[in-house]
Amino acid sequence: MDQRKALPHLPPVLRAMAEEGRLVHSLCLEGEPGSGRTDLATALAGAILCQRQQGEMCGECLHCRKVLAGVHSDITLVNGREDPDRFKVEALRQLRAEAHRGPSEGRAKVYILAEAQHLLPPAQNLLLKILEEPPEATFFILTCDNKFRLLPTILSRVVTVSLRPLPLEACAQLLEERLPGHALAEYREAALLCCGNPGEGEQILTQPQAAKKGRAAQSLVAAMAAVPEAVKLCMVQIIAVDSKFGPEAQVNSPVVASYNTDGYSESYGGVEAQMEAATRSVDAAIREMLYGEEDDRGVPLLYRGLDL
């Protein structure tokens, strides 16, 4: 079995930088939860340490095998969400001192600071100097869900790479590699429902509730896509009135003539039947996505505006 499949492939921009020897020493990988930020940071660390230096891990040399096994002495992974104490100032002072000692068995040392958005300002300030001028043969890879949760002074010292959702086929293939034993159609459905987010795709394949939520969201999108443009305009105007003035508001509009306490307009500018059918269809999809929660006020969820 090819152990290389345990980690994702590098995005083209990172692979080109690694292959051409242009990889900066301080990076920030930004991506939504489940996008595989930490796995990608580990794969990048493996590419840095790989003996073949071909832009990505070969998965076969001694360094790659150690990276895949999680035992390479030149990679330090610190996860601030799982172990908050390691993001404290004293722990980071120790990490900063260790970074000046050089690699022990490979060509470089790599420090992965995962979930860097959990670094408090004093801790971030402590890292400024070493991120700007890291020791020779030392790389720092930060991961975060939103780069703007880091100080501007940190962002000015790192190159940020924003992770994009995986294409459908690539996501389905990765899910198959990580969770073998499912039908091909299941991998494709999970890749479609997770919108290219591998972490969410794994949840859809292993957790029935996550799969149910994903299918309900897909139904909602389909219901909204089926609504005629004139009806969508009615919906937008009614929701805007409800959000601003409440469900008993009256509005003078060529499209929406009035709005009663049941949340329905008495006149829809000639699209009454379409409006009612569309709103009920979309409302049913919203209820399904929220696992059938009952509305004690009897007002369709579509008209609850900001309460959603």
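Please refer to the structure higher up on the page.
Student: Honestly, the side chain of Glu56 in this entry has me stumped. Any pointers?
Tutor: Secondary-structure assignment places Glu56 in the loop between helix H2 (37–49) and helix H3 (62–69). Assessed through its relative accessible area of 7%, Glu56 is described here as buried. For Glu56, the side chain forms a polar contact with the main-chain nitrogen of Leu10, separated by 2.6 Å.

Student: Help me understand the pattern of salt bridges, please; the structure alone is not making it clear to me.
Tutor: Should their charged atoms come close, side chains of opposite charge can pair. A complete count under the given rule lists 14 salt bridges for this structure. Of the charged contacts, one joins Glu56 and Arg15 as a salt bridge, the two residues approaching to 2.8 Å between their closest N and O atoms. Within this pair, whereas Glu56 is found in the loop between H2 and H3, its partner Arg15 is found in helix H1 (residues 12–19), the two being separated by 41 residues in sequence. Taking the relative accessible area as the measure of exposure, Arg15 reaches 34% and is therefore partly exposed. Linking Lys129 and Glu133 is a salt bridge whose minimum nitrogen-to-oxygen distance equals 3.5 Å. Among the residues examined, Lys129 registers a relative accessible area of 52% and is labelled exposed. Using a relative accessible area of 48% as the deciding quantity, one classes Glu133 as partly exposed. Linked by salt bridges that have partners in common, Asp39, Arg178 and Glu202 make up one network.

Student: Help me understand the side chain of Glu115 in this model?
Tutor: On the secondary structure map, Glu115 appears in the loop between strand E3 (109–114) and helix H5 (121–132). Only 2.7 Å separates the side chain of Glu115 from the side chain of Gln117, close enough to count as a polar contact. Beyond its immediate chain neighbours, meaning those up to four positions away, Glu115 contacts Arg37, Asn79, Gly80, Arg81, Phe87 and Thr143.

Student: Explanation requested: the packing of H2 against H3 in the structure shown.
Tutor: Two quantities define a packed helix pair, namely the angle between the helix axes and the distance between the axes. For the pair H2 and H3, the least separation of the axes is 9 Å and the interaxial angle reads 160°. In terms of axis orientation, H2 runs roughly antiparallel to H3. When you trace H2 past H3, the crossing you get is right-handed. Judged by residue contacts, Thr42, Gly46 and Leu49 of H2 engage His63, Cys64 and Val67 from H3. Of the residues belonging to the contact of H2 with H3, the class tally is three nonpolar, three polar and no charged.

Student: For this particular structure, what's the right way to read H5?
Tutor: In an α-helix there are 3.6 residues to a turn, and that puts residues three or four apart on one side. When the terminal C-alpha atoms of H5 are compared, their 17 Å separation across 12 residues agrees well with the 16 Å that a helix rising 1.5 Å per residue should span. Within H5 the residues assigned to the buried category are Ala123, Gln124, Leu126, Leu127, Leu128, Ile130 and Leu131. The inward-facing, buried residues of H5 contact strand E1 (26–30), helix H4 (89–98), E3, strand E4 (138–144) and helix H6 (152–155).

Student: Mind showing me how you'd approach the sheet that holds strand E5 (residues 159–162) here?
Tutor: Through backbone hydrogen bonds, the strands of a sheet pair up, either in parallel or in antiparallel fashion. An order of E2-E3-E4-E1-E5 is seen for the five strands of this open sheet, with the pairing classed as parallel. Strands at the two margins of the open sheet, each flanked by one partner only, are strand E2 (75–79) and E5. Neighbouring strand axes in the sheet, compared pairwise and without regard to direction, differ in orientation by 20° on average. The pairing of E3 with E4 spans five bridges and is parallel. Paired with Tyr111 across the bridge in E4 is Phe140. Its contacts with the sheet put H2 on E1, E2, E3 and E4, and the angle it makes with E4 is roughly 165°.

Quick notes on the rules
Residues numbered from 1 in each chain as written. Predicted model: local features only at pLDDT ≥ 70, side-chain atom pairs only at ≥ 80, totals over all residues. Heavy atoms only, no water. Helix = DSSP H or I, 4+ residues; strand = E, 2+ residues; numbered from the N terminus. Buried < 20%, exposed > 50% of the residue type's maximum accessible area, 1.4 Å probe, protein only. Polar contact = N/O pair within 3.5 Å; in protein donor to acceptor, adjacent residues only side chain to side chain. Salt bridge = Lys/Arg side-chain N within 4 Å of Asp/Glu carboxyl O. Contact = heavy atoms within 4.5 Å. Axes fitted to C-alpha atoms, helices over the stretch in contact; angles between N-to-C directions. Parallel < 35°, antiparallel > 145°, perpendicular 65-115°, else oblique. Left-handed = near helix turned anticlockwise from the far one by under 90°. Nonpolar A, V, L, I, M, F, W, Y, C, P; charged D, E, K, R; others polar. Expected span 1.5 Å × (residues − 1). Pairing = 2+ DSSP bridges.

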